[in-house]
Amino acid sequence: MASDDPRPGLTLSFFHRVRLQARRSAPIVLTAVVLAGSAALHHPRAVAADALGDRTTRPTSPWGVATGAEWLDDHPRFNPILAKAGVTWLRAFHEWQSIQPNRGTWNWAPSDRLVNDATANGLGLLYPLAYLAPWASADGGTRAFPIKDIQYWRDYVGAVVERYHRSVKHWEVWNEFNGSFAINGNPSSYADLVREASIAAKRIDPSARVGLSVANFDVSFLERTIEAGAAGHFDFICIHPYEKLDLLESGSEVEFMAMASTLRRMLASHSLDSSLPLWISEIGAVANTEAKSEASQARLLTKAYILGLASGFEKIFWFEARGPAYRDQADHGLLRSDYSPRPALDALATLIGLLGDHPTYVGWVRAGQQGLGFVFEGRSGFVMAAWNTSEKTAEMTFQSPVLVTRTDGSEASLDAGQPLRLSPTPVLVSKFPDAIVQQAKRSRDLPILQDRDYSIADAVTISLRETNRGDGIQQINPQTTKVFQDESSTSRRLDFTVANNEGRYAYFSVSPQFVPWGTRRLQITATVKRLPGSPKAGFSLDYESQGGYVNAPYREIPNQADWQEMTWTIDDANFVGQWGWHFRLNAIASPSEFLIKDIRVARRP
């Protein structure tokens, strides 16, 4: 996962800051594994590749888990646990500096153990090619660019693919190049790595598949990499949308499911194959040892796999198997420090057991206003994953008895006509009437949870109240504001008391159907008023552009008692939600809080 601010001088969102605090308090993920003093150093071809086994048929299932470097050496311990749960893919690697500590000197022992153990446990490997060897780096480290000679990179890739091509078919170029793992890196230097890795790998193994990779959902970086020369040299795309996962706790399923279509639109805009496989090669949530925290992690894991598969991602990798503790015994791991399984691992095993190795998405159904059910053809018939996207009650009833399986694997029969009460925690329903399957098929290609077609709307709006009334706009993290009631109306006020200055921001996302990839020209209007008694107040607009998040100039709210409309016109919008939001009202420079009543976003010709 990336660890830097998307734009210098632009304050991070609450969601990204929480993620950074967790990751910065631990060693960098996927860092070098220390070489054992007794490890043999030899030429890459000194050990016959035949000794590693011939596994040209890779698992085709979507169930993956990623591991970081801190616990990579424990793979002989956690791989069997993952395999027993039904996991069939592992994302793991040893760094270039571990494999080739000096030019002309090769140490294959650690990576041989990794590849052999994955093979022995029936796990296909997604193997990232990263980072720099110190002797090949501009600064003698492992992260800083430029590389001294691109031929060094070609030789490294060729040697690794030559040794493992019978076992490994999927190679991810770098790990989050758009983040802090590539100092001085840019789309052009990443395109060079991708192009040369693809040429080198396919010269040895024409069946090798090479993937682009980015931290979070940085579609702009992918696009600039393609424009810089990567086009035609990659076979799949990997993303790490941690921020999108965080927002599922506040009902952002629509935004999560829009990622795949956004990527496909971007590919098509460059005359590339829009049907290329899309992978989520890292996604995860931190949990500590408290039951509530672990339940939240399991809930998010279930939604990540269900929504990812429903929207068209081919493979999904949970980060991670066994995680280092950041603070308060919190980490991303499916396994606790004593290797006992967390509820998240039980949830993954339950999903795999019901959906099988080849789950086929059928479509979705709605339960009440905010309840959702996603129907798949699974291992032994149709299975529906269902939950409520809000804290309100949603119910489903069935015309015949059904079987309800909770994510811990426990089962209960539900009689015909007996209501199934849906909460934000998913349940898995099977043996339900065929009418639900047919309904799901009819809804498959329709946007979820939308009562109107925003693709033909001129504008979308939201009214901020005790319960917001959104029509194509959602307030992200409403906790940064609080309800304000005066004699004539209800609105929301910024709450400057919220920790980490988050109460100085109001975050929003717009329906992906209204702002699909390529939508550039927008007009954003906020209806605001000074808080009674406040001498001064104002704000700027931060929005997602083609060049990343940018800050529009600060404006003061006129000194009047009436509601004021303040409008920004933008020509470079790129509302994909890289950090989970599209725009925000930014009051970091405001001396006082203010009220927000309505937000309107309109398309411009």
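Residues numbered from 1 in each chain as written. Predicted model: local features only at pLDDT ≥ 70, side-chain atom pairs only at ≥ 80, totals over all residues. Heavy atoms only, no water.

1. Focus on the layout of surface pockets
- Volume-wise, the second largest pocket comes out at about 970 Å³.
- In terms of lining residues, the second largest pocket is bounded by 44 residues, among which Met257, Ala258, Ser261, Ala310 and Ser311 are the most central.
- Listed by contribution, the elements that provide at least two residues to the lining of the second largest pocket are helix H9 (253–269), helix H10 (291–311) and strand S9 (360–367).
- Counting residues per element, the lining of the second largest pocket draws most heavily on H9, which supplies ten residues.
- Its residues assigned to classes, the lining of the second largest pocket comprises 23 nonpolar, twelve polar and nine charged. (1 Å grid on protein atoms, 1.4 Å probe; cavity = no way out; pocket = protein on both sides within 12 Å on 5 of 7 lines; lining within 4 Å. Points joined across faces, edges and corners; volume = space filled by probe spheres on them. Helix = DSSP H or I, 4+ residues; strand = E, 2+ residues; numbered from the N terminus. Nonpolar A, V, L, I, M, F, W, Y, C, P; charged D, E, K, R; others polar.)

2. Points about the pairing of strand S20 (residues 481–485)
- Sheet analysis places S20 next to strand S21 (residues 490–494), joined by five bridges and oriented antiparallel. Considered in S21, the bridge of phenylalanine 484 is made with serine 491. (Pairing = 2+ DSSP bridges.)

3. A few points about the environment of serine 340
- Within the fold, serine 340 resides in the loop between strand S8 (315–319) and helix H11 (343–355).
- Sequence separation between serine 340 and serine 296 is 44 residues, and the spatial gap between their C-alpha atoms is 17 Å.
- Discounting chain neighbours no more than four positions away, the residues touching serine 340 are Leu334 and Leu335.
- In this structure the side chain of serine 340 is engaged in a polar contact, spanning 2.6 Å, whose partner is the side chain of aspartate 338. (Contact = heavy atoms within 4.5 Å. Polar contact = N/O pair within 3.5 Å; in protein donor to acceptor, adjacent residues only side chain to side chain.)

4. A word on the pairing of strand S27 (residues 564–570)
- Of the two faces of S27, the one lined by Gln564, Met566, Trp568 and Ile570 is fully buried and the one lined by Glu565, Thr567 and Thr569 carries no buried residue.
- The pairing of strand S23 (residues 522–530) with S27 spans seven bridges and is antiparallel. When the sheet's bridge partners are listed, leucine 522 is paired in S27 with isoleucine 570. (Buried < 20%, exposed > 50% of the residue type's maximum accessible area, 1.4 Å probe, protein only.)

5. Digging into the side chain of threonine 527
- Within the secondary structure, threonine 527 is located in strand S23.
- Apart from the residues within four sequence positions on either side, threonine 527 is in contact with Trp563, Gln564, Glu565, Leu595, Ile596, Lys597 and Asp598.

6. Examining the pattern of salt bridges
- Taken as a whole and assessed by the stated rule, the structure comprises 25 salt bridges.
- The partner of arginine 163 in a salt bridge is aspartate 112, with the nearest N and O atoms 2.8 Å apart. Here arginine 163 is found in helix H5 (residues 150–164), whereas its partner aspartate 112 is found in helix H4 (residues 109–120), with 51 residues between them in sequence. Both residues of the pair, arginine 163 and aspartate 112, belong to the buried class.
- Linked by salt bridges that have partners in common, Arg154, Asp192, Arg195 and Glu196 make up one network. (Salt bridge = Lys/Arg side-chain N within 4 Å of Asp/Glu carboxyl O.)

7. Examining the sheet that holds strand S4 (residues 170–173)
- Reading around the barrel, the eight strands line up as S1-S2-S3-S4-S5-S6-S7-S8 and close back on themselves, with parallel pairing between neighbours. The average undirected angle you get between the axes of adjacent strands in this sheet is 25°.
- Strand direction decides the pairing type here: strand S3 (residues 124–129) and S4, joined by four bridges, are parallel. Bridging across to S4, leucine 129 finds its partner in valine 173.
- Its contacts with the sheet put H9 on strand S6 (236–240) and strand S7 (278–283), and the angle it makes with S7 is roughly 130°. (Axes fitted to C-alpha atoms, helices over the stretch in contact; angles between N-to-C directions.)

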